[in-house]
Amino acid sequence: MSGDSVPGGNAGGGTRARGGTGTGTRTGTRGPGPGSPEATRRRSDAAGTTSKRTVALETGKRVLTTAKRGLWTALARPTASDVAMVVWTLSIGLLVGSRLVGLELAGLATGAGLGAALATMLLASDRPVVRGFGGAVAVPVAVFVSSPMLLAGALAVASSGVGFFAGLSVWALIIAALAAGLVSWDRLGSGGVRRGATGTMLAAFGVLAVVVLRIVPESAVRDRAGTAAMDVLGSAGEILVAAADSWAVVSFAGLLLVAAFASSRTLGYLPLERLVPPDRRGSLAAGIERSRWGCSLAVRVAIALTVAAFAASSVTDRIESVPIAPAELCSALPAPAGDVIATLVTSSGVRIALLSLVAVTLSLALLEWVRRVLGRNVARVLARLVAPAIGGAAVALVLARGLSETALEADLEGALEGTAPPSVVELLGAFPAFAIAAAILVAALFVLSSLLWSVAMLRALRILPARAIGAALAAGAVFCLAVGLAVVGQVEPAILTATGAFVLWDIGEYADGVRTELGREAATLRAELVHVGGSLLTGAVVAGGAIACYRWVLTDASITDPAHAAIAVGTGLLAVVLVTWALRG
């Protein structure tokens, strides 16, 4: 027995185990040995946790590095002049905006413009993944942009006189910040803003799909949708065709502009030379050029008519309504011209012809686009189209859920009563809170898209130059701020702001020349700093001279009419342009 127990004790501690003090008991209290399966499993779990953490950190670093590299590539390393122009634009916008509309609203408009610039660069990318991310970014940016934009529209439409220029100032602040954000973007002059506007509309369609999917199961919505749609079409027909309200002049100018612009673009987009023999293609090209020139002339007439409709009340006391009504147009103009223009802008036949022309040109352009797409990689094109919609819809699902409680508290029926058909008000009353919140996001996206389309139209209509587009856009917006200062009687700040507008253009034009002729990698810092300093010094000298003349030479002259104030500021800016151009040689 004892002999049997000794080997057992040596091998496994059998005798001590029976007494409770053997190796087995000590093993249970100290845990498994280094080579046991449990210890191996613990080391493996610890290594796995460390490995997962390391992978997560490395992945985060790679994502941040890629995002930084992508943003740097999009901006393409701004030059020193670009940086100076951005700082100068934002500084002028905040300083002048605080005088006109308050610091809070000026800061909101500036931030909205910078956000719109970021969304535009992402949506204009050729990569579907980046466009999808741009669609996701566009939704919150649109909410951010729509607040000052809608306020600007309300001030411009509902108010007259100073209120109109206050709304114009808010719009100018947004445009100036947008131009500052895009000043160093290589695609700004090659359809980048237009692609950004199109991507924003695609994101809006994605959010609209979310709204439709949510309201389809609601029987009350389905019952009222048909009546509301018919009433909306009837109201649109009254505005666009009947022209029975005070917006007749503006609606006609809008129809003329859209029809002329669509016709010009379609004539340049369609391969019409394939329809005629080779010996007649020269005459066909000449005819197309003449037609496009006529369309360009019609566009300019439409723009002039729109500006006159809103600015006529501040030029003459004979016109009180903003915009001008056809009846006041007859009384303001000489007898033959006034009657002819009033009859033209209110003619239903002319309006129907313009609408038909728009429908035909857009249909032809769409068919040609489909034909070209079928000859390329269809899957890649569809991915580019769908990506912004998917990104916008994904973010809208989260934002609409968070805004549902706010949508329940909002009195949309009271806000739309009197401005929308009763059937539309009843339809919105039947919407779930989630659908109302998503519909608000759709409206915000269309506001952002309208902002980008307005900038794209300025270049398409050749109002903006082919070079230094961002600088010209920022300078024009800052000049609008100068006009606003002149209207409220702050002539000296208006002179300084108008001078700053030209300095902005001069710095931006030089930066564009550096990028184009020497490249971004050239060592031009010293030359750029010298040019920036020279531009600031020249502007300061000319502005100081203008203010000195205003204080001591024209002591008896006073400007009380807003139109005369705007003309005075424009004359001062022309003097700055001529003097600076002469100094530059």
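Residues numbered from 1 in each chain as written. Predicted model: local features only at pLDDT ≥ 70, side-chain atom pairs only at ≥ 80, totals over all residues. Heavy atoms only, no water.

(A) Just the pattern of salt bridges, in detail. Scanning the entire structure with this criterion turns up 5 salt bridges. Two residues, D126 and R187, come together in a salt bridge whose shortest N-O distance is 3.7 Å. Here R187 lies in the loop between helix 8 (162–182) and helix 9 (192–215) and D126 lies in the loop between helix 6 (103–123) and helix 7 (128–158), a separation of 61 residues in the sequence. Among the charged side chains, a network of salt bridges with common partners joins D126, R187 and R195. (Salt bridge = Lys/Arg side-chain N within 4 Å of Asp/Glu carboxyl O. Helix = DSSP H or I, 4+ residues; strand = E, 2+ residues; numbered from the N terminus.)

(B) The arrangement of the packing of aromatic side chains in detail. Scanning the entire structure with this criterion turns up 2 aromatic pairs. On the basis of an interplanar angle of 70° and a centroid distance of 6.3 Å, the ring pair of F205 and F446 is categorised as edge-to-face. Of this pair, F205 sits in helix 9 while F446 sits in helix 19 (residues 433–460), and the two are 241 residues apart along the sequence. Sitting over the ring of Y269, R372 keeps its end group 4.1 Å from the ring centre. (Phe/Tyr/Trp six-rings, centres within 6.5 Å; stacked < 30°, edge-to-face > 60°. Lys NZ or Arg CZ within 6 Å of the ring centre and 35° of its normal.)

(C) Geometry of helix 10 (residues 219–242). Counted at 1.5 Å a residue, the expected span for helix 10 with its 24 residues is 34 Å, and the 34 Å between its end C-alpha atoms agrees. Helix geometry: helix 10 is bent most strongly at A225, by close to 35°. Looking at the residues trailing helix 10, positive phi occurs at A243, about 55°. (Expected span 1.5 Å × (residues − 1). Bend = angle between axes of the 7 residues up to and from the residue.)

(D) Representation of empty space enclosed by the protein in the model. What the rule picks out here adds up to 2 cavities of 30 Å³ or more. Size it by volume and the second largest cavity reaches roughly 30 Å³. As for the second largest cavity, its lining consists of T89, L90, G93, L94, T110, L173, A176 and A177. Mapped by element, the contributors of at least two residues to the lining of the second largest cavity are helix 5 (80–100) and helix 8. Looking at the lining of the second largest cavity, the element that brings in the most residues is helix 5, giving 4 residues. Classifying every residue of the lining of the second largest cavity gives 5 nonpolar, 3 polar and no charged. (1 Å grid on protein atoms, 1.4 Å probe; cavity = no way out; pocket = protein on both sides within 12 Å on 5 of 7 lines; lining within 4 Å. Points joined across faces, edges and corners; volume = space filled by probe spheres on them. Nonpolar A, V, L, I, M, F, W, Y, C, P; charged D, E, K, R; others polar.)

(E) Expanded view of the packing of helix 5 against helix 20 (residues 469–487). Remark: helix 5 packs on helix 20, axes separated minimally by 10 Å, with the N-to-C direction vectors making an angle of 20°. The angle between helix 5 and helix 20 places the two elements in the roughly parallel class. Handedness of the helix 5/helix 20 crossing: left-handed. Each of M85, T89, I92, G93, V96, R99 and L100 in helix 5 lies in contact with helix 20, whose residues at this interface are G470, A471, A474, V478, L481, G484 and L485. Here the contact of helix 5 with helix 20 is composed, by residue class, of 9 nonpolar, 4 polar and 1 charged. (Axes fitted to C-alpha atoms, helices over the stretch in contact; angles between N-to-C directions. Parallel < 35°, antiparallel > 145°, perpendicular 65-115°, else oblique. Left-handed = near helix turned anticlockwise from the far one by under 90°. Contact = heavy atoms within 4.5 Å.)

(F) Quick look at the environment of S404. Mapped onto the elements of the fold, S404 is located in helix 16 (residues 378–409). Along the sequence, S404 and A438 sit 34 residues apart, while their C-alpha atoms lie 8.7 Å from each other. Contacts of S404, omitting those with residues within four sequence positions, involve A433, F434 and A437.

(G) Representation of the side chain of D512 in the model. Checked against the element boundaries, D512 lands in helix 21 (residues 491–518). Sequence-distant contacts of D512, defined by excluding residues within four places in its chain, comprise R467 and A468.

(H) View of the environment of R371. Its place among the elements puts R371 in helix 15 (residues 348–374). For R371, a relative accessible area of 41% corresponds to the partly exposed category. Discounting chain neighbours no more than four positions away, the residues touching R371 are P271 and R274. (Buried < 20%, exposed > 50% of the residue type's maximum accessible area, 1.4 Å probe, protein only.)

(I) Up close: the confidence of the model for the protein chain. A residue-level look at the protein chain finds 75% of positions with pLDDT of 70 or above and a mean pLDDT of 78. Of the regions scoring below 50 in pLDDT, residues 1–29 engages in 13 contacts with residues more than four places distant in sequence or in other chains. (pLDDT = per-residue confidence, 0-100.)

(J) Representation of the environment of A327 in the model. Mapped onto the elements of the fold, A327 is located in helix 13 (residues 326–332). What makes A327 exposed here is its relative accessible area of 60%. Along the primary structure A327 and G338 are separated by 11 residues, whereas in three dimensions their C-alpha atoms are 9.0 Å apart.

(K) Region of the structure containing the side chain of R351. Structurally, the position occupied by R351 is in helix 15. Of note is the side chain of R351, whose polar atom sits 2.7 Å from the backbone oxygen of V345. Residue contacts for R351: discarding those within four places in its chain leaves I239, L240, V241, A243, A248, S251, F252, L255, V345 and T346. (Polar contact = N/O pair within 3.5 Å; in protein donor to acceptor, adjacent residues only side chain to side chain.)

(L) Representation of a positive patch on the surface within the structure. A grouping of R194, R265, R300 and R462 is seen on the molecular surface, where their side chains present a positively charged patch. Note that R265 resides in helix 11 (residues 248–269). (Patch = residues over 30% accessible without salt bridge, like charges linked within 9 Å, V, L, I, M, F, W, Y side chains within 5 Å. Areas by Shrake-Rupley, 256 points an atom, 1.4 Å probe, with all protein chains shown as cover. Lys, Arg positive; Asp, Glu negative; His and termini not counted. Charge placed at Lys NZ, Arg CZ, Asp CG, Glu CD.)

(M) Spatial organisation of the packing of helix 5 against helix 21. Running from N to C, helix 5 and helix 21 cross one another at 160°; their axes reach a closest spacing of 9 Å. In terms of axis orientation, helix 5 runs roughly antiparallel to helix 21. For the pair helix 5 and helix 21, the sense of crossing is left-handed. Facing helix 5, whose interface residues are S81, D82, M85, W88, T89, I92, V96 and R99, helix 21 presents P493, T497, G500, V503, L504, I507, G508, Y510, A511 and R515. The residue makeup of the contact of helix 5 with helix 21, split by class, is 10 nonpolar, 5 polar and 3 charged.

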